[in-house]
Amino acid sequence: MAEKSPLRIGLAGFGTVGGGLVRMLAENAELIRQRTGRDMEVSRILVRDLKKIRAIPLPSGAQLTDDPAQLTDDPAIDVLVELMGGIDAPHALISRALDKGKHVVTANKALLAEKGDDLFRKAAQQKLMLQFEASVAGAIPIVATLKESLAGNSIHSLVGILNGTSNYILSEMSSNNLDFATALSQAQELGYAEADPTLDIDGHDAAHKLVLLIRLAYGKEYPYTAMPIHGIRGMNRMDINFAREFGYRIKLIGQAHVVDGKLEAGVFPTLVNHTFLLARVGGSYNAVRVEGNAVGSLFLHGRGAGDLPTASAVMGDLLTVARQAMPNNTGFVAQEFARAAILPPEEARSSYYVRVMVQDRSGVLRDIAGCMAQENISMAQVIQKPEEADGVPLVFMTHEASAQAMHNALAKVEQAGLLRVPAVYYRVL
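Note that the structure is predicted; figures quoted are calculated from it, not measured.

**What to know about the overall build of the protein**
Stage number 1. Secondary structure assignment for the protein yields 15 helices and 16 strands.
Stage number 2. Its C-alpha radius of gyration of 24 Å places the protein within 12% of the 22 Å reference for a compact globule of 429 residues.
Stage number 3. Each of the three principal axes of the protein carries a C-alpha extent, and together these read 80 × 45 × 35 Å.
Stage number 4. Here the protein, with 429 residues, has 53% of them falling under the buried criterion.
Stage number 5. Taking contacts inside the protein between residues at least 6 apart in sequence as the whole, the part at least 24 apart equals 73%.
Stage number 6. Counting only carbon and sulfur atoms, one obtains 47% of the accessible surface of the protein, whose full area is about 18,700 Å².

So, in structure tokens, the structure goes:
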């Protein structure tokens, strides 16, 4: 028998993840009792359409409702689990739940990244838990790792594949030589991509997650609106193949590290050496590499989305609430985070992969190299390929240069009339 009263849950959202959570609560009921000494019961489930037929049966004793107040204002409910998505409606729901003294578990990275500051402050003032493991990288326990296991480390860098949809598309383009449109369509058919994949393929989903990881790792606020973001929309298969020739794989990478006391962060398509573990993360999987001053380098890898993987992360947070631990929502005592000292994106330095489509005439490489030299950029490797419809592909890898220098150099190349189409260039990890 459970030693304590049941933890009563108000569940907002009964879609893929909500259904997975209900399934896990039923299948792991005995394990939950063994780990927490109490049962967990879903009391009410907030849905948009009360008449919709559900694939997952309602838990015993649970009631459907379309009234948010029945979750937030019921004194018998101990914790709100928000899995409905969006920003404004969930923000209002979570804020009222905290006002009413309820703990909160959410998977909503967009909400926390864009409008989460006041929610974290309110949770701290109310001495309530606001848990969000499921908001970043699905089943990978990166939030708990940064909040707890690595809390004694100074974090040097975070590098990760934070969006499974984009990773699936790039993997299919690389492994099966698909073009972008075909790989995206396949991802949508398999349920990895939404009908409107904008947040995924334009890099915004990964950026939301990176904002949360920066908060956990550095105790600083890096505004989502200040973050440089470049997604994979329209990625050319030609660049995937050229990168492989150089020994690299192209991945959509979210990264943050400290440069001369300033935080440099962003989301970009990036060339990753094929020997790195990140380069071998395929399909819809996510991965995060963390480097700390004491622990060195750690690599976490797993499913980044789906009903049960994400529900697993939600369950971990619920067990924390059920044990009635002291709130540790962000890993830092202060909840008023100072804005990070941000390295201007144009000052970020990296090696680059560059592809230009040029006319097949003598002196083109010399002229391009001259434009690069004017910005103190030197080429490390150069290859030329047979002519395509848009011209001759000239591909080169550079030594380290600033983003501003690369932008300036390619602007000069374009102004000189050397390009048939705009240049393509990506960072190299």
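There's more to say after this.
**Some words on the packing of helix α14 (residues 364-374) against helix α15 (residues 403-415)**
Stage number 1. Orientation of α14 relative to α15, taken along the N-to-C sense of each, is 145°, at an axis distance of 8 Å. Where α14 crosses over α15, the two elements pack in a sense that is right-handed. From α14, I368, C371, M372 and Q374 reach across to α15, where they touch M406, A409, L410, K412 and V413.
Stage number 2. Considering only residue class, the contact of α14 with α15 consists of 7 nonpolar, 1 polar and 1 charged.

**Quick word on the pattern of salt bridges**
Stage number 1. Applying the stated criterion to the full structure yields 19 salt bridges.
Stage number 2. Across the salt bridge formed by D88 and K115, the nearest N and O atoms sit 3.2 Å from each other. Residue D88 is located in helix α4 (residues 88-99), and its partner K115 is located in helix α5 (residues 109-115); the two are separated by 27 residues in the primary sequence.
Stage number 3. Put simply, E30, R33 and D39 are held in one network by salt bridges that share partners.

**Some thoughts on the sheet that holds strand β5 (residues 103-106)**
Stage number 1. If you walk across this open sheet you meet the 6 strands as β3-β2-β1-β4-β5-β6, and the pairing is parallel. Every other strand in the sheet has two partners, leaving β3 (63-65) and β6 (130-131) as the edge strands with one partner each.
Stage number 2. Together, β1 (7-12), β2 (40-46), β4 (79-82) and β5 form the strand contacts of α4, whose direction differs from that of β4 by roughly 170°.

**A look at the environment of I250**
Stage number 1. Looking at where I250 falls in the secondary structure, it is placed in strand β8 (residues 248-259).
Stage number 2. Leave out the neighbours within four places in its chain, and I250 touches L170, M235, D239, I240, A243, P269, T270, L271 and Y426.

Conventions we followed
- Residues numbered from 1 in each chain as written.
- Predicted model: local features only at pLDDT ≥ 70, side-chain atom pairs only at ≥ 80, totals over all residues.
- Heavy atoms only, no water.
- Helix = DSSP H or I, 4+ residues; strand = E, 2+ residues; numbered from the N terminus.
- Rg over C-alpha atoms; globule rule 2.2 N^0.38 Å.
- Buried < 20%, exposed > 50% of the residue type's maximum accessible area, 1.4 Å probe, protein only.
- Contact = heavy atoms within 4.5 Å.
- Areas by Shrake-Rupley, 256 points an atom, 1.4 Å probe, with all protein chains shown as cover.
- Axes fitted to C-alpha atoms, helices over the stretch in contact; angles between N-to-C directions.
- Left-handed = near helix turned anticlockwise from the far one by under 90°.
- Nonpolar A, V, L, I, M, F, W, Y, C, P; charged D, E, K, R; others polar.
- Salt bridge = Lys/Arg side-chain N within 4 Å of Asp/Glu carboxyl O.
- Pairing = 2+ DSSP bridges.

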